[in-house]
Amino acid sequence: MQVPAPFTYERATSVEHAIELLGQLGPEARVVAGGHSLIPMMKLRLARPDALVDINALGAELGQIRVDGTDLVIGALTRHADLLGSAVAGEHFPIFHDAERVIADPVVRNFGTVGGSLCQADPAEDLSAVFSAVDAVAVVRGPGGVRQVPVRALHVGPYETVLAPDELMLELRVRIRPGGGSAYEKVERRVGDYAVAAGGAALWLDGDTVSGAGIGLTAVGAAHFAAPEAEAALVGQPATEESFRAAGRIAAENCDPIADQRGPVDYKRHLAAELTTRALRRAAARARGQEA
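In short, a report on the structure.

Reading the values: the criteria
- Residues numbered from 1 in each chain as written.
- Predicted model: local features only at pLDDT ≥ 70, side-chain atom pairs only at ≥ 80, totals over all residues.
- Heavy atoms only, no water.
- Pairing = 2+ DSSP bridges.
- Helix = DSSP H or I, 4+ residues; strand = E, 2+ residues; numbered from the N terminus.
- Axes fitted to C-alpha atoms, helices over the stretch in contact; angles between N-to-C directions.
- Contact = heavy atoms within 4.5 Å.
- Left-handed = near helix turned anticlockwise from the far one by under 90°.
- Nonpolar A, V, L, I, M, F, W, Y, C, P; charged D, E, K, R; others polar.
- Buried < 20%, exposed > 50% of the residue type's maximum accessible area, 1.4 Å probe, protein only.
- Polar contact = N/O pair within 3.5 Å; in protein donor to acceptor, adjacent residues only side chain to side chain.
- Expected span 1.5 Å × (residues − 1).
- Phe/Tyr/Trp six-rings, centres within 6.5 Å; stacked < 30°, edge-to-face > 60°.
- Core = buried A, V, L, I, M, F, W, Y, C linked by side-chain atoms within 4.5 Å.
- Salt bridge = Lys/Arg side-chain N within 4 Å of Asp/Glu carboxyl O.

### A closer look at the sheet that holds strand 12 (residues 195-206)
Step number 1: Taken together, three strands build an open sheet; the order of strands is 11-12-13 and the sheet is antiparallel. At either margin of the open sheet sits one strand with a lone partner, and together these are strand 11 (180-188) and strand 13 (209-218). Neighbour-to-neighbour, the strand axes of the sheet open up by a mean angle of 15°, direction not taken into account.
Step number 2: In this fold helix 12 (residues 265-287) packs onto strand 11, strand 12 and strand 13, with an angle of close to 150° to the strand it touches most, strand 11.

Spelled out as structure tokens, the structure:
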């Protein structure tokens, strides 16, 4: 029988109230929104928080998707299904729709949240790689005020982030730039499973030359879910199959997968290279207007 350890439950009525509660309840308090990762861990007693602060009432503050100047803004309490259904997110970054289609199942997507996925910091989580590929910035608030954290600096290890115990993620911001395309590719054992490996790419073209590139990887031990060496090798190069395959090889060489029930190391490295290449190929096609 799976039963969580005893905990205190509080329901926040505003962002300020949530931060106040986190400060009052101490460092072993946790925020809960969708709960699809945290609650199963609590049932197995892999996580034993002293208290939960429920932020589901904060959708009006934290659940919006909008364009603000040159940024696409995605609220931390945005449900996966809402991001999948967002025309504005898909218009500027189709990688979000690619990823959301292969995250879990409709039940999870209807209630799980974007911010919860990133803050859970699961090494095989899809959206961490996606937001790394598009070089997003997380806006975080605590008792000391608001600060911005690049997503590539958000995760410090498995299930660990740089957020203080009394800080709350408010939103993710992604700069909108012309001439771009993005895509996400995933291999899973069965529909809705965590990735065996997955790769995302954001690409900007100047004519047929790569002027900017972002690559995100998950489930293959890539530091901060990113492949900066492969990105650097792409910039200034022609947007060709040869360039994409070279970047895939570099991405695979610089990740650090582990053997587990989902596959051996060599297989995961092969997937890192192949999925990076596929994502770059589709991102380039979208940048050229050749694929929706």
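Read on for the rest.
### Section: the packing of helix 11 (residues 241-253) against helix 12
Step number 1: Here helix 11 crosses helix 12 at 145°, and the two axes come no closer than 8 Å. In this structure, helix 11 crosses over helix 12, and the sense of that crossing is right-handed. On helix 12, the residues touching Glu241, Phe244, Arg245, Ala247, Gly248, Arg249, Ala251, Ala252 and Glu253 of helix 11 are Arg269, Ala272, Ala273, Glu274, Thr276, Thr277, Leu280, Arg281 and Ala284.
Step number 2: A breakdown of the residues in the contact of helix 11 with helix 12 according to their chemical character gives eight nonpolar, three polar and seven charged.

### Considering the side chain of Asp54
Step number 1: With respect to the helices and strands, Asp54 occurs in strand 3 (residues 51-54).
Step number 2: Accessibility expressed as a relative area gives 8% for Asp54, which makes it buried.
Step number 3: Engagement of the side chain of Asp54 in a polar contact is seen with the side chain of Asn56, the distance being 2.8 Å.
Step number 4: Non-local contacts of Asp54, meaning those with residues more than four positions away in its chain, are made with Tyr9, Glu10, Arg11, Ala12 and Val32.

### Brief notes about helix 11
Step number 1: For helix 11, with 13 residues, the first-to-last C-alpha span of 18 Å sits near the 18 Å given by 1.5 Å per residue.
Step number 2: As for helix 11, its buried residues are in contact with strand 12, strand 13, helix 10 (228-234) and helix 12.

### Looking at the environment of Ile258
Step number 1: Position of Ile258 among the secondary structure elements: in the loop between helix 11 and helix 12.
Step number 2: Exposure remark for Ile258: the relative accessible area of 58% places this residue in the exposed category.
Step number 3: Here the alpha-carbon distance between Ile258 and Arg269, two residues eleven residues apart in the chain, equals 9.7 Å.
Step number 4: For Ile258, the residues in contact, after removing those within four places along its chain, are Gly263, Val265 and Lys268.

### So, the sheet that holds strand 3
Picture the strands of a sheet paired through backbone hydrogen bonds; they go either parallel or antiparallel.
Step number 1: Strand order in the open sheet formed by three strands is 1-3-2, and the pairing between neighbours is parallel. Every interior strand has two partners, whereas the edge strands, strand 1 (8-11) and strand 2 (29-32), have only one. The mean angle between the axes of side-by-side strands here comes to 25°, regardless of whether they run parallel or antiparallel.
Step number 2: Bridging between strand 2 and strand 3 involves four bridges; their strand directions are parallel. Within the sheet, the bridge partner assigned to Arg30 lies in strand 3 and is Leu52.
Step number 3: Contacts between helix 1 (residues 15-25) and the sheet are confined to strand 1, strand 2 and strand 3, with strand 3 contributing the most and set at about 175° to the helix.

### Structural notes on the pairing of strand 5 (residues 71-75)
Step number 1: For strand 5, a buried count of five out of five residues is recorded, marking the element as mostly surrounded by other parts of the structure.
Step number 2: Every second residue of strand 5 is oriented toward a common face, with Asp71, Val73 and Gly75 on one face and Leu72 and Ile74 on the other, all of them buried.
Step number 3: Pairing of strand 4 (residues 65-68) with strand 5 involves four bridges; the strand directions are antiparallel. Bridging from a neighbouring strand, Arg66 pairs with Val73 of strand 5.
Step number 4: Here strand 4 hands over to strand 5 after two residues, with Gly69 in that stretch at a positive phi of 65°.
Step number 5: The sheet contact formed by strand 5 and strand 10 (residues 168-175) spans five bridges and is antiparallel. If you follow Gly75 over to strand 10, its bridge partner there is Glu171.

### Observations concerning the packing of aromatic side chains
Step number 1: If you walk through the whole model with that rule in mind, you get two aromatic pairs.
Step number 2: On the basis of an interplanar angle of 70° and a centroid distance of 6.1 Å, the ring pair of Phe93 and Phe96 is categorised as edge-to-face. With respect to class, Phe93 is no different from Phe96; both count as buried.
Step number 3: Centroid distance Phe96 to Phe131: 5.0 Å. Interplanar angle 50°. Geometry classified as tilted.

### Considering the nonpolar core
In a soluble, globular protein the nonpolar side chains are often hidden away together inside.
Step number 1: Counting 35 residues, the largest nonpolar core has Phe96, Leu118, Phe131 and Val134 as its most contacted members.
Step number 2: Residue contacts for Val134: discarding those within four places in its chain leaves Phe93, Ile95, Phe96, Val174 and Ala202.
Step number 3: Core analysis: the second largest hydrophobic core is formed by 29 residues, Ala197, Ala222, Ala247 and Ala279 among them.

### Brief notes about the pattern of salt bridges
Step number 1: Going through the model one piece at a time under the given rule, you end up with 25 salt bridges.
Step number 2: Ionic pairing is found between Asp54 and Arg11, a salt bridge with its closest N-O pair at 3.3 Å. In this pair, Asp54 is assigned in strand 3 and Arg11 in strand 1, connecting sequence segments 43 residues apart.
Step number 3: Notably, a salt bridge pairs Lys186 with Asp126, separated by 3.0 Å at the nearest N-O pair. Of this pair, Lys186 sits in strand 11 while Asp126 sits in helix 9 (residues 126-133), and the two are 60 residues apart along the sequence.

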